[in-house]
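# Descriptive structure summary
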Amino acid sequence: MHYSHTAQQIITRIGGAENIVSLFHCITRLRFELRDMSLADRAALDNTDGVMGVNISGDQYQLIIGNEVAPLCDAILDQLPHLREAAPAPADDAPRKRRNPVSVVLEGLSGIFSPIIPAIAGAGILKGVLSLLVALNWLDVSNQSYQILAAISDGVFFFMPLVLAFSAGHKFGANPYVAVAMAAALFHPSLTTLFAAGDPIAFFGLPVAPVSYASSVIPILLAVWLLSYVERAVDRVMPGALKTMFVPLLSLVIVTPVTLITIGPLGIWLGNALSGGILWLVANMGILAGVLVGGTLSLMIITGMHYVLVPVMINNISRLGYDPFKILFYVANLGQAGAAFGVFLRSRNKKTRTLALSTSFSASLGITEPAMYGINIRFKRPFACALAGGACGGAFAMAMGVKTYAFALSGLSGIPALVGPTFLWALASLGISFTVAALLTVVVGFEEEAQPDTAAQQAGAPLPLAARDEQIFAPVSGQLLPLDRLSDPVFADEIFGKGIAIVPDSGELRSPVNGRVESVFDTRHALTLRSDSGAEVLIHIGIDTVKLGGAGFTSYIREGEFVEVGQPLIGFDLEALRAQHIDPSVIVIVTNSDEYGDITPVKQGGIGINEACLTLTAPAV
């Protein structure tokens, strides 16, 4: 992937820099907050190199990228450096609309937990590894090295309110450092001593509940949410010269006591109630719960609804030492991995097999979006098979009472978090989910495009394909122009073959076919392609552009590379061509025109990129 080029494309197609309010990424997705979602060109984003899919969750516009999400996010932020700062509140002139409360909650939880997942996943894996070492008697809990490692693994969970305060401060628009200061007060030795003494506690006559906030989740989320409103209210009435000192002061003095008196105890109660509900569901619905949740969790992940369960699972692990529901995330992910592996086994297309195998591996480690969007959803039936695999694995896991003892990525990388009395049953549930999904995919099958002669492709020989009916898609957007209107007689007289010209309105050339790059001129102003159906296509950018020696042209492909419709091929400086009074027409020629019965333009006038522009009709037999 050409990160800088792709970043520029994304910024343009999502509505421009001014339409982006904030941006961050999770393990596989770019997560945008936009001023106006209607300005984003979803179809163009779907066809952008490196973008596996587009998902809208609440007020969050998500692009599924996969393993290259971090460098691509950095490339976008390099071009929009102001977004590296704390996410700003929407401008006063931003479009206002009524927001669905459920969507707001889901978006908020997603924005808060996504940035901290690497920290808690890493610590969770270490916690599981330590449990395994102790179980094998390779390490003793009284050993000082163990105690240090235990502190490393437990630290982020014990001080979870501090981590969440910083993340929630960014999300809610509160000062994240003030939010951390407020959370830190909950752990101060004077308060913990008061709580431990067991005597009644009061703040100016108001009772303070002696509860422990270690590892808690919901209390600090509610507190920072309140802090964001208090800060803004105080900021509006505070004189400018006093804001720096007195806005944080008053915010802390107001919100922290309210947290200790009401919000904190309420949050603890809510957390325990949600945990109790999950435990009741597992105890009373067991296998049925495994089937329903294990079989639909991937759908919840697509919408972002799974973040609702994250606080509950963390609360269970901190309060009970285990969580009975996290295993369903594992089996759902292994179902996606198994379905992608089934595609690898059944497919006869080399590119599909390569992609399916790599995404199956990443999904098995707990990163499912590449497999879901790149393979399973794309071919439809494998996605249904993945859900079935998750349902079977979930049913077995609930029947055997499988538990998770630490919070980690839900895949093979997080297996140490499953170490405990139900470890073997946990492994069996993962195996069932993967195997069922893979076998169903192989048996049920899926539809895919026919694979060209691979050996001939690899050898660089012409493909042994007879001309077939085919459509050529516009490599640029702009105005269609018949070849006889061109000033160059070689093209106008169709010496090279029949085709069409397009006066472009952008400097980006995309592939008009699925096929192979036969050649790229050294000056990068022209290239030839051979489609999977046998069409030989010459694309020439501009009239007499060879004299530029490649200046202003950037190639994103190489000879022998296989490309798909819409994949970027060459970038060119359109304004520079116009400034030099060079005709910038992009000429698309079918050089083996004599092998076809007819080659006709699809339409006249304006045309969009990736829109059909030529119809190739095979000769009558």
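### Things to note about the sheet that holds strand 8 (residues 478-481)
- As summarised here, the arrangement of the 8 strands in space is 15-11-12-13-17-9-8-19, forming an open sheet in which the pairing is antiparallel. Looking at strand neighbours, the two that pair on one side only are strand 15 (562-563) and strand 19 (606-607), the edges of this open sheet.
- Alignment of strand 13 (residues 536-541) against strand 17 (residues 586-590), held across 5 bridges, turns out to be antiparallel. Bridging across to strand 17, I539 finds its partner in V588.

### Here we look at the packing of aromatic side chains
- One pass over the structure, following the stated rule, counts 11 aromatic pairs.
- Seen from their ring centres, F158 and F187 are 6.0 Å apart, and the 50° between their planes marks the pair as tilted. Within this pair, whereas F158 is found in helix 6 (residues 144-158), its partner F187 is found in the loop between helix 8 (176-185) and helix 9 (189-197), the two being separated by 29 residues in sequence.
- For F158, a relative accessible area of 41% translates into the label partly exposed.
- For F187, a relative accessible area of 17% translates into the label buried.
- Judged by centre distance (4.8 Å) and plane angle (80°), the ring pair of F203 and F204 falls under edge-to-face.
- What makes F204 exposed here is its relative accessible area of 78%.

### So, helix 12 (residues 309-320)
- Between the first and last C-alpha of helix 12 there are 16 Å, a value that for 12 residues agrees with the 16 Å anticipated at 1.5 Å per step.
- Within helix 12, 9 of the 12 residues are buried, which leaves the element mostly enclosed by the surrounding structure.
- Within helix 12, the full set of buried residues consists of L309, V310, P311, V312, M313, I314, N315, N316 and I317.
- Positioned one or two residues after helix 12, G321 has a phi angle of 90°, which is positive.

### Description of the nonpolar core
- Grouped together as the largest cluster of nonpolar side chains are 70 residues, with contacts concentrated most on F113, L164, I220 and I327.
- In terms of residue count, the dominant contributor to this core is helix 11 (residues 243-303) (9 residues).
- Non-local contacts of I220, meaning those with residues more than four positions away in its chain, are made with P161, L164, A165, M182, A183 and L186.

### Topic: the environment of G277
- Here G277 shows up in helix 11.
- With relative accessibility at 37%, the residue G277 sits in the partly exposed group.
- Sequence separation between G277 and V312 is 35 residues, and the spatial gap between their C-alpha atoms is 9.7 Å.

### Here we look at unusual backbone geometry
- If you check the backbone angles, R524 has positive phi at about 60° while not being a glycine.
- Take R524: it is sitting in the loop between strand 11 (515-520) and strand 12 (526-531).
- We note that H581 has phi near 60°; this positive angle belongs to a residue other than glycine.
- You can see H581 is positioned in the loop between helix 20 (574-579) and strand 17.
- The exposure class assigned to H581 is exposed, which follows from its relative accessible area of 76%.

### What to know about helix 6
- Given a rise of 1.5 Å per residue, 15 residues ought to cover 21 Å, and the 19 Å separating the end C-alpha atoms of helix 6 matches this to within 8%.
- In the structure, helix 6 departs most strongly from a straight axis at I152, where the bend amounts to approximately 30°.
- Looking only at helix 6, the buried set comprises Y146, A150, S153, V156 and F157.
- Structurally, helix 6 contributes buried residues whose contacts are with helix 5 (117-135) and helix 7 (160-172).

### Concerning the packing of helix 1 (residues 3-13) against helix 3 (residues 69-79)
- For the pair helix 1 and helix 3, interaxial distance at closest approach is 8 Å and the crossing angle is 65°. Viewed along their axes, helix 1 and helix 3 adopt a mutual orientation that is roughly perpendicular. For the pair helix 1 and helix 3, the crossing hand works out as right-handed. Residue-level contacts link Y3, S4, T6, A7, Q8, I10 and I11 of helix 1 to P71, L72, A75, I76 and Q79 of helix 3.
- Of the residues assigned to the contact of helix 1 with helix 3, the class counts are 8 nonpolar, 4 polar and no charged.

### What to know about empty space enclosed by the protein
- Enumeration over the complete set of coordinates arrives at 2 cavities of 30 Å³ or more.
- Volume-wise, the second largest cavity comes out at about 50 Å³.
- Every residue along the wall of the second largest cavity is listed here: S216, V217, I218, P219, G267, I268, G271, P311 and N315.
- Of all the elements, helix 11 adds the most residues to the lining of the second largest cavity, at 3 residues.
- The class makeup of the residues in the lining of the second largest cavity is 5 nonpolar, 4 polar and no charged.

### A word on the confidence of the model for the protein chain
- Looking at the protein chain, the pLDDT average stands at 83 and 91% of residues meet or exceed 70.
- The spread of mean pLDDT over the elements of the protein chain runs between helix 18 (residues 454-459), the lowest at 42, and helix 17 (residues 423-444), the highest at 95.
- Considering only residues more than four positions removed or in separate chains, one finds that residues 86-97, a stretch of pLDDT under 50, has 13 contacts.
- Predicted confidence for residues 450-464 stays below pLDDT 50, and this span has 22 contacts to residues more than four positions away or in other chains.

### A closer look at the environment of D583
- In this structure, D583 sits in the loop between helix 20 and strand 17.
- Remark: the alpha-carbon pair of D583 and D235, spanning 348 residues in sequence, is separated by 57 Å.
- For D583, the contacting residues outside a window of four places in its chain are G542 and I543.
- Within the local environment of D583, its side chain forms a polar contact with the side chain of S585, the two groups lying 2.7 Å apart.

The rules we used
Residues numbered from 1 in each chain as written. Predicted model: local features only at pLDDT ≥ 70, side-chain atom pairs only at ≥ 80, totals over all residues. Heavy atoms only, no water. Pairing = 2+ DSSP bridges. Helix = DSSP H or I, 4+ residues; strand = E, 2+ residues; numbered from the N terminus. Phe/Tyr/Trp six-rings, centres within 6.5 Å; stacked < 30°, edge-to-face > 60°. Buried < 20%, exposed > 50% of the residue type's maximum accessible area, 1.4 Å probe, protein only. Expected span 1.5 Å × (residues − 1). Core = buried A, V, L, I, M, F, W, Y, C linked by side-chain atoms within 4.5 Å. Contact = heavy atoms within 4.5 Å. Bend = angle between axes of the 7 residues up to and from the residue. Axes fitted to C-alpha atoms, helices over the stretch in contact; angles between N-to-C directions. Parallel < 35°, antiparallel > 145°, perpendicular 65-115°, else oblique. Left-handed = near helix turned anticlockwise from the far one by under 90°. Nonpolar A, V, L, I, M, F, W, Y, C, P; charged D, E, K, R; others polar. 1 Å grid on protein atoms, 1.4 Å probe; cavity = no way out; pocket = protein on both sides within 12 Å on 5 of 7 lines; lining within 4 Å. Points joined across faces, edges and corners; volume = space filled by probe spheres on them. pLDDT = per-residue confidence, 0-100. Polar contact = N/O pair within 3.5 Å; in protein donor to acceptor, adjacent residues only side chain to side chain.

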